[in-house]
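Geometric and topological summary
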Amino acid sequence: MNKKEIILKQLTGLAFKLSKPFCYPCYEEVKDAFCLHCGSDDNMRLLEGVGVEYGTEWVIDEILKKELKPIDEKEVFESMIEDCYQDEVQVGWLKLNTLEVLKEISPCDWDLAQDEYISSLEEDEEIMSFDDGSTYYWIYDLENLLESRDTNNLQIKRKI
């Protein structure tokens, strides 16, 4: 099992812990696996103050939105460039900001390099996305969230 699968499994457990089973036809919380009124086991998940829906993906999204700040891909990439290259570059008699020169000279190359850098962070399991790359979170933030929510989740780091 890779790091993403382990964290997703732990987030799903947290989603179950923070939400409650809900029978939509009877419109009430379910105390056990089956609704006491209709006998259905096809329960939605209720997240107080948010709503009800099938599955746990939406609960995980709500937890992440509330608890973590997604990374700013542009900021992360610019920080890496600043760390790797000098602040200024001289062109003739002009001293120009390296970042601005790179962005202005070839915006397509800049965007491509940023996408490749973010992909490399994802491949190296430093960042993770649960929505196909629209939003990324630092792995250490996810691990810290899970550890702070449940001491049983300490196994995440040990398994990885």
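The text that follows walks through the structure, step by step, so that each part is easy to find. Not measured: the values here are computed from a predicted model. (Residues numbered from 1 in each chain as written. Predicted model: local features only at pLDDT ≥ 70, side-chain atom pairs only at ≥ 80, totals over all residues. Heavy atoms only, no water.)

Taken together, the side chains of Glu57, Asp61, Asp131 and Asp132 present a region of like negative charge at the surface. One can find aspartate 132 in the loop between β7 (127-129) and β8 (136-138). (Patch = residues over 30% accessible without salt bridge, like charges linked within 9 Å, V, L, I, M, F, W, Y side chains within 5 Å. Areas by Shrake-Rupley, 256 points an atom, 1.4 Å probe, with all protein chains shown as cover. Salt bridge = Lys/Arg side-chain N within 4 Å of Asp/Glu carboxyl O. Lys, Arg positive; Asp, Glu negative; His and termini not counted. Charge placed at Lys NZ, Arg CZ, Asp CG, Glu CD. Helix = DSSP H or I, 4+ residues; strand = E, 2+ residues; numbered from the N terminus.)

This part takes up the nonpolar core. The biggest cluster of nonpolar side chains holds 17 residues, and the ones touching the most others in it are Ile7, Leu11, Leu64 and Leu142. Those elements giving two or more residues to this core turn out to be α1 (3-18), α2 (57-67) and α6 (139-149). Examining the composition of this core, we find that five residues originate from one element, α2, more than from any other. Look past the residues within four positions of leucine 11 in its chain and what remains in contact with it is Ile60, Leu64, Phe130, Leu142, Leu145 and Leu146. Grouped together as the second largest cluster of nonpolar side chains are seven residues, Ile71, Leu121, Ile127 and Tyr136 included. (Core = buried A, V, L, I, M, F, W, Y, C linked by side-chain atoms within 4.5 Å. Buried < 20%, exposed > 50% of the residue type's maximum accessible area, 1.4 Å probe, protein only. Contact = heavy atoms within 4.5 Å.)

For tyrosine 27, which is not glycine, the phi dihedral falls at a positive 50°. Here tyrosine 27 is to be found in the loop between β1 (20-23) and β2 (28-29). According to the relative accessible area criterion, tyrosine 27 is exposed, its value standing at 55%. Of note in the backbone geometry, glutamate 125 takes a positive phi value of approximately 55° without being a glycine. Considering the arrangement of structural elements, one finds glutamate 125 in the loop between α5 (107-123) and β7.

Our next topic: the packing of α2 against α6. The interhelical angle for the contact between α2 and α6, taken along N-to-C directions, is 100°, at an axis separation of 12 Å. Classified by the angle their axes make, α2 and α6 are roughly perpendicular. Residues Ile63, Leu64 and Glu67 of α2 form the contact with α6, whose participating residues are Leu142, Leu145 and Arg149. (Axes fitted to C-alpha atoms, helices over the stretch in contact; angles between N-to-C directions. Parallel < 35°, antiparallel > 145°, perpendicular 65-115°, else oblique.)

The next point concerns the packing of aromatic side chains. Under the definition given, this model contains five aromatic pairs. With a centroid separation of 5.9 Å and an interplanar angle of 50°, the aromatic rings of phenylalanine 77 and tyrosine 117 are classed as tilted. With a gap of 40 residues between them, phenylalanine 77 in helix α3 (residues 73-84) and tyrosine 117 in helix α5 connect regions that are remote in the sequence. Site record: aromatic cluster; members linked through ring pairs are Phe22, Tyr24 and Tyr27. (Phe/Tyr/Trp six-rings, centres within 6.5 Å; stacked < 30°, edge-to-face > 60°.)

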